[in-house]
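Take a look at the letters that make up each chain.
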Amino acid sequence: MFALGGAIMALGLMAGSASAQNVVNGERYVPGIWVDPDGCEHWVMDDGAEGYMTPHTTREGIPVCRRVNTCAVMNSDQLFATGSARISAAGRARLEQFFRSAGAVAYSINGHTDSRGSDEYNMALSLRRANAVAAIAKSVGARLGSVRGYGERQPIASNSTAAGMAKNRRVEIQCIR
Amino acid sequence: MMNTKTFAVLGFAAIVSACTDIQDKTVDRQFGGKQDLSNLVAGIWIDPNGCQHWIIDDGLEGYLSARLDRYGKPVCTDAYPTGYAIGSYKDGQDIADFL
């Protein structure tokens, strides 16, 4: 039956266009969408006895999500001096309090900068800042997921205004539940 | 070029294939399980690298799909032992099924 179905499709395509070069020998699979507990979409198909599933991503590999799963966004200006990855005493106290009370299984930490300075400098600075926040998480017994620096490559606001740049200077904490 | 012979073959095929071809793969046709695939309940399976996947056992079908963060990176921790599945992911169990 499957062989017959495939042959028919090829015949149909050839009959439809006299100049068709490619013959597609396939079976139609229309996916549904399942939304995971993080709010991100997956393609899902049920073929009778078999089930299939794979993440729904853009061509750039970014998951398609219906809500953003970020637990906390720390403004870098409140934690660090310009160009520094050393956390202030007030910032440390605030982070310790956060990691003690958030109650997640683990935390992933992503550092970001604004677009001033070179890309290379910002990649390194954002990673050092993410690692500084991760060290505080560890110091109060919190488990870590990934710790990454994205530099200026993932802005959430325009870098052409001071307010936008301040928003982009941030450390995001993702709670893994 | 479409001729009457092609039409006849296609027409016959449509009748035959209508009996067995499942065009809409978004609905569960098996015993047990959720009818609407968008309502599946997932657990988490930890792969040998410590990275997490959504795991669903919906009666006869099993589903597995990577858990990704908002940047498309896998979600990995040492919080759970590798090679284990956790959570209430076995949903429509009418038939005995061991992991």
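From a predicted model like this one, the values you see are computed outputs, not experimental measurements. Numbering of residues begins from 1 in every chain and follows the order in which that chain's sequence is written. For naming, the first written chain is A and the first written ligand is 1, with later ones following in the order written. Only residues with pLDDT of at least 70 are given local features in this predicted model, and only at 80 or more are side-chain atom pairs given and counted; all residues enter the totals for whole chains, interfaces and linings.

**Quick look at the environment of A:Ser126**
Residues and elements named next belong to chain A.
Argument step 1. Take serine 126: it is sitting in helix H3 (residues 119-139).
Argument step 2. Once the C-alpha coordinates of serine 126 and proline 37 are considered, the two residues, 89 residues apart in sequence, prove to be 28 Å apart.
Argument step 3. By the convention adopted here, residues make contact when the C-beta atoms placed from their backbones lie within 7 Å. Beyond its immediate sequence surroundings of up to four residues, serine 126 is in contact with Gly111, His112, Thr113, Gly149, Tyr150 and Gly151. Working definition: helices are DSSP H or I runs of at least four residues, strands are E runs of at least two. Numbering for both runs from the N terminus.

**Remarks on the domain arrangement of chain A**
Argument step 1. Marked domain ranges trace back to an automatic or database domain assignment. According to the domain assignment, chain A consists of domain 1 (1-29), domain 2 (31-67) and domain 3 (72-176).
Argument step 2. With centres defined by C-alpha atoms, the gap from domain 2 of chain A to domain 3 of chain A works out at 29 Å.

**Focus on helix H2 (residues 89-101) of chain A**
Residues and elements named next belong to chain A.
Argument step 1. Under the 1.5 Å per step criterion, the end-to-end length of H2 is 19 Å for 13 residues, consistent within 8% with the ideal 18 Å.
Argument step 2. Among the residues of H2, Gly91, Leu95 and Phe99 are the ones counted as buried. The arc that holds every buried residue of H2, seen down its axis, measures 60 degrees, which confines them to one face. Residues of H2 that are exposed and point more than 90 degrees away from the buried face comprise Ala89, Ala90, Ala93, Gln97, Arg100 and Ser101.
Argument step 3. Glycine 103 occupies a position one or two residues after H2 and carries a positive phi of about 70 degrees. The span one expects for a helix is its residue count, reduced by one, times 1.5 Å. In this scheme every C-beta is placed from the backbone, and a residue whose C-beta has 20 or more other C-beta atoms within 10 Å is buried, one with 12 or fewer is exposed, and one in between is partly exposed. Arc definition: it is the arc formed by the directions from the helix axis to the C-beta atoms.

**Remarks on the sheet that holds strand S1 (residues 32-35) of chain A**
All names here are of chain A.
Argument step 1. When DSSP finds two or more bridges between a pair of strands, those strands are recorded as paired. Pairing within the open sheet is antiparallel, and its three strands lie in the order S1-S2-S3. Each end of this open sheet is capped by a strand with a single partner; those strands are S1 and strand S3 (51-55). Recorded for the sheet is a direction-independent mean angle of 35 degrees between the axes of neighbouring strands.
Argument step 2. With four bridges joining them, S1 and strand S2 (residues 41-46) adopt antiparallel strand pairing. Bridging across to S2, valine 35 finds its partner in glutamate 41. Geometry is summarised by axes, namely lines fitted to C-alpha atoms with helices restricted to the contacting stretch, and by angles between N-to-C directions that run from 0 to 180 degrees.

**Thoughts on the confidence of the model for chain B**
Residue and element names in this part refer to chain B.
Argument step 1. On average, residues of chain B score 69 in pLDDT, and 51% of them reach the 70 mark or higher.
Argument step 2. Per-residue confidence from the predictor is given as pLDDT, running between 0 and 100. Ignoring residues within four places in sequence, the model shows residues 1-20, a span with pLDDT below 50, making twelve contacts including any to other chains.
Argument step 3. Contacts for the low-pLDDT stretch residues 92-99, under 50 throughout, to residues beyond four places or in other chains number 15 contacts.
Argument step 4. At the level of chain-chain contacts, confidence expressed as ipTM amounts to 0.78, with global pTM at 0.72.

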